[in-house]
Amino acid sequence: MKILVTGGAGYIGSHVVYELIDQGNDVTILDDMSLGLEENIDPRSTFVNGSTHSDSDLDSVMAMNFDGVIHLAAWKAAGESMINPAKYAHNNLIGTINLLNACDRYGIKNFVFSSTASVYGNPQYIPMDENHPVSPINYYGETKLQIERNLKWFSDLKGIRISILRYFNAAGYDVKGRVKGKEQNPQNLIPIVMEVASGLRSSMNVFGNDYDTSDGTGVRDYIHVNDLATAHVRSMEMLHAKQNNILVNLATGEGHSVMDVIHKTREISQKEIPFEITGRRAGDPATVIAASKKAQKVLDWSPKYSDLDSLIRSTWEVYK
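Basis of the calculations
- Residues numbered from 1 in each chain as written.
- Predicted model: local features only at pLDDT ≥ 70, side-chain atom pairs only at ≥ 80, totals over all residues.
- Heavy atoms only, no water.
- Helix = DSSP H or I, 4+ residues; strand = E, 2+ residues; numbered from the N terminus.
- Polar contact = N/O pair within 3.5 Å; in protein donor to acceptor, adjacent residues only side chain to side chain.
- Contact = heavy atoms within 4.5 Å.
- Buried < 20%, exposed > 50% of the residue type's maximum accessible area, 1.4 Å probe, protein only.
- Pairing = 2+ DSSP bridges.

Student: Please give an account of the side chain of Asn92 that cites residues and values.
Tutor: Note that Asn92 resides in helix α4 (residues 85-105). A distance of 3.2 Å separates a polar atom in the side chain of Asn92 from a polar atom in the side chain of Thr143. In contact with Asn92, other than residues within four places in its own chain, are Ala74, Trp75, Tyr140, Thr143 and Ile147.

Have a look at this one:
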């Protein structure tokens, strides 16, 4: 297949591109490099520096005639979205509508969307399945939910087949060692722990140790980025084969606490991880664990690299 990947130079996007090409697909990346890194671009791909906000950029790239689009271009910092919602509305919402309109103009019928567990908001039950109520507690999650709703309309009205992938805590690095560019100003736990282990920062905060969990720290469901990449490829294959629309969680169904991550990083890196216990952050649930049985059934997919050891080991290979 010939696939366009928006945001294909970003952290998740670069892994998706490598997996697509490994599976024999012809891939073009559209990325404005606001979050992407040149060193993460698969040299086998075609790279176009452009934006979903530019109709001329979209027209020039869409003229290449694609079998499908995988859309990963988005701003994703939940905290920032609460301070600067206009930025997230412009990039995430309007950029996606522009892209969908371009798909319609050029007759592209297969669309895989990178969504998020943030659409669910605070867990009302654990594990969270696809029927869990959607009620985002940050504007980033709201933009993703609004895109999901627009996708369903475009599917009904324009015949675009869609796959919505709601993933939980993406982590890890390419197990083959091909993606080496580190995220700048990371907001997520594992890269922050790695920055402490590698000396990029002197210490870190642990936000609360009085949750109702095994060690008092928050528990999250981590999914390895290589496993995410496989699910994106599998989704596109199924849409291309005229599969019905897809909406699935991508997760493991297992949780690891903040202290689990710190202890495992200490074990693998043989480095100290200085940390300070501080107060809980507003809106942080004690435990977020997903059910992903639907993805296993619908996509014939299951995670291979999402055990904590593989997550931390592959990340340390980049940060060490």
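Student: Give a description of the environment of Ala73 that names residues and reports values.
Tutor: Its place among the elements puts Ala73 in the loop between β4 (68-71) and α3 (78-83). On the basis of relative accessible area, Ala73 is assigned to the partly exposed category, the value being 25%. Sequence separation of Ala73 and Thr230 is 157 residues, and the distance between their C-alpha atoms is 18 Å. The contact partners of Ala73, leaving out residues within four places of it in the chain, are Thr6 and Gly7.

Student: Describe the pairing of strand β5 (residues 110-116), with residues and values.
Tutor: Where burial is concerned, most of β5 is hidden: seven out of the seven residues are buried. Here β5 shows no split at all, with Asn110, Val112, Ser114 and Thr116 on one side and Phe111, Phe113 and Ser115 on the other all buried. Here β4 pairs with β5 via three bridges, running parallel. When the sheet's bridge partners are listed, Val69 is paired in β5 with Phe111. Summarising the sheet, β5 and strand β6 (residues 161-167) pair through seven bridges and their orientation is parallel. Note that in β6 the partner of Ser115 across the bridge is Arg166.

Student: Please provide a residue-by-residue account of the side chain of His71, values included.
Tutor: Relative to the helices and strands, His71 is located in strand β4. Among residues more than four places away in sequence, those in contact with His71 are Thr6, Thr96, Leu99, Phe111, Val112, Phe113 and Ser114.

Student: Quick rundown of unusual backbone geometry? Include the residues and the values.
Tutor: Note that the residue after Ile126, namely Pro127, is joined by a cis bond; omega there is -5°. The backbone of Asn65 sits at a positive phi, close to 65°, despite the residue not being glycine. Relative to the assigned elements, Asn65 resides in the loop between α2 (55-62) and β4. A positive phi angle, near 55°, is found at Asp300, a position not held by glycine. Looking at where Asp300 falls in the secondary structure, it is placed in the loop between α9 (293-298) and α10 (308-319). What makes Asp300 exposed here is its relative accessible area of 62%.

The analysis is restricted to geometry; functional conclusions fall outside its scope.
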